[in-house]
Amino acid sequence: MPIYMDRHDVAEEVTAEIVATIHKEDLRIQHQYCCKGLTYWYDDIRKTAFCLVEAPNKEAITEMHAQAHGEVPNTIIEVDASIVESFLGRIEDPAKSQKTELNIVNDPAFRILVVLQLFENELTTVPDNKLFTLIKTITEKNEGRLIKNNSNYLLISFTSTTKAINASLAIKKVFSDSKTKTKQLCIGVSAGVPVTKEHGFFEETMKTAMRLSNISKNQIVITSEVKDLFESENQNSRLSTNEIKTLPFQEEQFLNSVMNYLDSEWQNTDLGVEKFCSHLGLSTSQLYRKTKSILHTSTNNLIQEHRLEKALEFLRRKNKTISEIAFETGFNSAAYFTKCFHKKYGVSPSSFIKNA
């Protein structure tokens with residue numbers, strides 16, 4: 001059966017003991033709905049609870065909760081158990097204390113995510129083995145979990161904001177001190193919970209961290225929430241502005257609005273400045289100033305860069321022709337696509353396929 005994670009936004013007066021009691025009621029009647037409650041996470045600060053349930057469908061979970069205690073979920077998404085475990089560290093209840101009747105779990109699902117993008121040259125983003133070993137060592141020392149390591153980026157999950165920042169600074173120093181040919185290390189740090197609305201597992205937090213790393217200019221770029229959490233954990237100690245840049249909340253909202261629209265419209269050959277202005281409710285000059293200031297590029301360049309990155313993904317799969325890729329990525333002609341690709345990556349699409 002599929003596995004789902006649901007989200008409950010609970011009232012201020014709810015405690016970890018109350019949530020444990022509710023979970024126990026779910027387990028008592030779950031068989032009636034062909035469900036199996038695997039575990040849950042509760043965050044007393046943010047007043048959220050997340051249940052991991054094996055079930056035939058979302059409706060069965062809602063009906064089970066309604067019958068057991070009446071606290072139905074705000075949102076339910078389907079998840080992969082191995083991915084949940086990689087981010088959150090478990091997919092079953094922690095061991096129960098022998099001295100308590102209830103298995104009280106006051107374990108938040110809130111995580112700080114760090115994205116590392118490593119650029120060796122135009123088409124290679126994989127660090128050498130020595131540097132990767134150092135990154136793993138730093139991550140483990142700071143109790144982080146390496147979630148993803150592929151040709152594009154590394155994703156690391158932390159429970160502590162302080163340890164996430166310390167790890168990021170240590171990794172940045174390793175790269176600064178090394179004699180690697182890596183041109184640039186880009187780091188973005190965001191924080192959030194696994195389920196937000198109908199989006200995928202940690203999707204919004206991952207996207208934000210990735211986008212922050214994309215606008216990094218030899219600094220670690222973090223959200224204002226990460227900054228506030230760090231200062232709270234460290235008695236209002238200030239972060240180094242030389243190495244760390246905090247993106248104000250309004251600028252973070254603009255960044256995500258622009259990129260969310262680009263993600264949905266990048267294949268549209270008519271996509272341009274006017275459509276962005278209309279969608280965001282900005283004038284041409286306002287859009288240019290904000291895009292240049294926050295994303296360090298123009299809107300038209302942003303669109304083309306995004307399309308070329310998508311084209312690169314298609315080329316690596318080797319299952320489409322260059323003409324098909326050109327038109328699928330929003331270019332008006334294969335010739336213009338080839339010209340743009342060569343300008344950015346230094347090789348033609350056909351040469352890249354041949355050598356990939």
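Residues numbered from 1 in each chain as written. Predicted model: local features only at pLDDT ≥ 70, side-chain atom pairs only at ≥ 80, totals over all residues. Heavy atoms only, no water.

Colleague: How should the packing of helix α6 (residues 203-214) against helix α8 (residues 249-265) be read in this particular structure?
Modeller: A pair of packed helices is captured by two measures, namely the crossing angle of their axes and the spacing between those axes. Look at α6 against α8: their axes get within 11 Å of each other, and the N-to-C directions meet at 100°. Relative to α8, α6 is oriented roughly perpendicular. Counting all contacts with α6, which are made through Lys207, Thr208, Arg211 and Leu212, the residues of α8 involved are Glu252, Leu255, Asn256, Met259, Asn260 and Asp263. Its residues assigned to classes, the contact of α6 with α8 shows three nonpolar, three polar and four charged. (Axes fitted to C-alpha atoms, helices over the stretch in contact; angles between N-to-C directions. Helix = DSSP H or I, 4+ residues; strand = E, 2+ residues; numbered from the N terminus. Parallel < 35°, antiparallel > 145°, perpendicular 65-115°, else oblique. Contact = heavy atoms within 4.5 Å. Nonpolar A, V, L, I, M, F, W, Y, C, P; charged D, E, K, R; others polar.)

Colleague: Got a minute to help me understand empty space enclosed by the protein in this structure?
Modeller: The rolling of a water-molecule-sized probe over the atoms marks out the regions of remaining empty space. Considering all chains together, one arrives at one cavity of 30 Å³ or more under this definition. Here the largest cavity is characterised by a volume of approximately 40 Å³. The wall of the largest cavity is formed by His23, Asp26, Gly37, Thr39, Cys51, Leu52, Val53, Met64 and His65. Elements supplying a minimum of two residues to the lining of the largest cavity: α1 (16-29), β2 (36-43), β3 (48-54) and α2 (58-68). Among the residues making up the lining of the largest cavity, the classes are represented as four nonpolar, four polar and one charged. (1 Å grid on protein atoms, 1.4 Å probe; cavity = no way out; pocket = protein on both sides within 12 Å on 5 of 7 lines; lining within 4 Å. Points joined across faces, edges and corners; volume = space filled by probe spheres on them.)

Colleague: Please explain unusual backbone geometry as it appears in this structure.
Modeller: Most peptide bonds take the trans form, and the phi angle of most residues other than glycine is negative. Residues other than glycine seldom take positive phi values, yet Lys47 does so here, at roughly 55°. By the secondary structure assignment, Lys47 is in the loop between β2 and β3. Exposure remark for Lys47: the relative accessible area of 9% places this residue in the buried category. The phi torsion at Phe202 lies on the positive side, around 55°, for a residue other than glycine. You can see Phe202 is positioned in the loop between β8 (184-192) and α6. Classification of Phe202 by relative accessible area gives buried; the value is 1%. (Buried < 20%, exposed > 50% of the residue type's maximum accessible area, 1.4 Å probe, protein only.)

Colleague: What exactly am I supposed to notice about the side chain of Asp43 here?
Modeller: With respect to the helices and strands, the residue Asp43 is situated in strand β2. Within the local environment of Asp43, its side chain forms a polar contact with the backbone nitrogen of Ile45, the two atoms lying 3.0 Å apart. Other than its neighbours up to four places away in sequence, Asp43 contacts Thr48, Pro108 and Phe110. (Polar contact = N/O pair within 3.5 Å; in protein donor to acceptor, adjacent residues only side chain to side chain.)

Colleague: Sorry, what's going on with helix α11 (residues 299-317) here?
Modeller: Spacing of three or four residues puts side chains on the same side of an α-helix, whose turn is 3.6 residues. In this model α11 runs 28 Å from its N-terminal to its C-terminal C-alpha over 19 residues, within 8% of the 27 Å that 1.5 Å per residue would give. Turning to α11, the residues buried within the fold contact α8, α9 (273-280), α10 (284-295), α12 (322-328), α13 (334-345) and α14 (349-355). Positive phi appears at Lys318, one or two residues downstream of α11, with a value of about 55°. (Expected span 1.5 Å × (residues − 1).)

Colleague: What am I meant to see in the sheet that holds β2 here?
Modeller: The strands that make up a sheet are held in pairs by hydrogen bonds between backbone atoms, and each pair lies either parallel or antiparallel. Ordered in space as β2-β3-β1-β4, the four strands form an open sheet in which the pairing is antiparallel. A strand with exactly one partner marks an edge of an open sheet, and here the two such strands are β2 and β4 (75-79). Direction aside, neighbouring strands of the sheet carry axes that sit 20° apart on average. Summarising the sheet, β2 and β3 pair through seven bridges and their orientation is antiparallel. In the strand pairing of β3, Tyr42 is matched with Ala49. Of the strands in this sheet, β2 and β3 are in contact with α1, which crosses β2 at around 170°. (Pairing = 2+ DSSP bridges.)

Colleague: Would you mind showing me how to read the pattern of salt bridges here?
Modeller: Should the charged atoms of two oppositely charged side chains come close, the side chains can pair. Scanning the model with the defined rule gives 13 salt bridges in all. Between Lys47 and Asp44 there is a salt bridge, with the nearest N and O atoms lying 2.8 Å from each other. Judged by relative accessible area, Asp44 falls into the partly exposed class, the value being 34%. In this structure, Asp263 engages Arg211 in a salt bridge whose closest nitrogen and oxygen atoms are separated by 2.8 Å. One end of the pair, Asp263, is in helix α8; the other, Arg211, is in helix α6, with 52 residues separating them in the sequence. (Salt bridge = Lys/Arg side-chain N within 4 Å of Asp/Glu carboxyl O.)

Colleague: Sorry if this is basic, but what is going on with the environment of Glu251 here?
Modeller: If you trace the backbone, Glu251 turns up in helix α8. Along the primary structure Glu251 and Lys310 are separated by 59 residues, whereas in three dimensions their C-alpha atoms are 25 Å apart.

Colleague: Please clarify how the pairing of strand β9 (residues 220-223) should be interpreted in this entry.
Modeller: Side-chain positions along a regular strand alternate between the two faces of the sheet. The alternating pattern of β9 places Ile220 and Ile222 on one face and Val221 and Thr223 on the opposite face, and all of these are buried. Inspection of the sheet shows β9 paired to strand β10 (residues 244-247) by four bridges, in the parallel sense. Within β10, the residue paired with Ile220 across the bridge is Ile244.

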